Amino acid sequence: LVDPMFSDKQLETIIEKMVTNQGKNVYCFPNFSIEIIPKFHSYSYAMLDSGDHDQVIIDEVELIKDRMVKGGVIVLHDLDSQFVRVREAYDYLLSTGNYE
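What counts, and where the lines are drawn
Here the residue index of a chain counts from 1 through its sequence in written order. For this predicted model, a pLDDT threshold of at least 70 governs which residues receive local features, and a threshold of 80 or more governs which side-chain atom pairs are given and counted, while totals over whole chains, interfaces and linings are taken from all residues. Side-chain measures here rest on the full set of heavy atoms in the structure, leaving out hydrogens and waters. In this scheme Phe, Tyr and Trp rings, the latter by its six-membered ring, pair at centre separations within 6.5 Å, and the angle between planes marks the pair as stacked below 30 degrees, edge-to-face above 60, and tilted otherwise. With a 1.4 Å probe rolled over the protein chains alone, any residue whose accessible area is under 20% of its type maximum counts as buried; one over 50% counts as exposed, and the rest are partly exposed. Nine residue types can take part in a nonpolar core, namely buried Ala, Val, Leu, Ile, Met, Phe, Trp, Tyr and Cys, and a core is a set of them joined through side-chain atoms within 4.5 Å. Helix and strand assignments come from DSSP, with helices taken as H or I runs of at least 4 residues and strands as E runs of at least 2, each series counted from the N terminus. Residue-level confidence of the predictor is summarised by pLDDT, bounded by 0 at the bottom and 100 at the top. Two residues qualify as a contact provided that any one of their heavy atoms is within 4.5 Å of a heavy atom in the partner residue. Under the convention used here, Asp and Glu are negative, Lys and Arg are positive, and both His and the chain ends fall outside the count. The term salt bridge refers to a pairing of a side-chain nitrogen on Lys or Arg with a carboxyl oxygen on Asp or Glu at a separation within 4 Å. Under the rule applied, a polar contact is a pair of N or O atoms within 3.5 Å (in protein, one hydrogen donor and one hydrogen acceptor; residues adjacent in sequence only if both atoms are side-chain atoms).

Moving on, we get to the packing of aromatic side chains. Overall, the coordinates contain one aromatic pair when judged by the stated rule. Arranged with centres 6.3 Å apart and planes meeting at 75°, the rings of F40 and Y43 form a pair that is edge-to-face. Look at F40 and you get partly exposed, because its relative accessible area is 34%.

Core analysis: the biggest nonpolar cluster contains 14 residues, and L48, I57, V61, I64, M68, I74 and L76 have the highest contact counts within it. Of all elements in the fold, only strand 1 (43-48), helix 3 (55-64), strand 2 (68-76) and helix 4 (84-95) reach the threshold of two or more residues within this core.

Of all residues in the protein chain, 78% have pLDDT values of 70 or greater, and the mean over the chain is 82. Looking across the protein chain, the model is least confident in helix 1 (residues 8-22), with a mean pLDDT of 68, and most confident in helix 4, with 95.

Looking now at the side chain of K65. By the secondary structure assignment, K65 is in the loop between helix 3 and strand 2. In contact with K65, not counting residues within four places along its chain, are Y92, L93 and Y99.

So, about the environment of Y43. The residue Y43 is located in strand 1 in this model. For the pair formed by Y43 and K70, sequence separation is 27 residues and the distance between their alpha carbons is 9.5 Å. Once you skip the residues sitting within four places of it in the chain, Y43 turns out to touch I36, I37, I64, R67, M68 and V69.

By the secondary structure assignment, D78 is in the loop between strand 2 and helix 4. No salt bridge is formed by the buried D78; its nearest oppositely charged neighbour, R87, is found at 13 Å. Here the side chain of D78 touches H77 through a polar contact of 3.0 Å, side chain to side chain.

Here we come to the environment of T96. Along the polypeptide, T96 turns up in the segment after helix 4. When its relative accessible area of 30% is taken as the criterion, T96 is described as partly exposed. For the pair T96 and K65, spaced 31 residues apart in the sequence, the C-alpha separation amounts to 9.2 Å. Here the side chain of T96 touches L93 through a polar contact of 2.7 Å, landing on its backbone oxygen. Of the polar contacts made by the side chain of T96, one reaches the backbone nitrogen of N98; its length is 3.2 Å.

What follows is the structure, encoded as structure tokens:
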């Protein structure tokens, strides 16, 4: 996950380092999460870090919740911080009965 607030040059440098350091099995999709999440059928791990963007975290959770494999992990950054929508997203996931 790369925060889209980086400049284009910073993003290019980060992607280059990720690919160089991690090898050929790293795939970088430089775009906003709500554009990328729907492109793939299933996920085993998701790190959501959009708590300071109010509606984005809710949109991410709505997009990812039915794409997680059984036993998959969703990590929510900024849980119980000043970004209250992250707690709302967490509580919503629990309310579905599909997460613990």
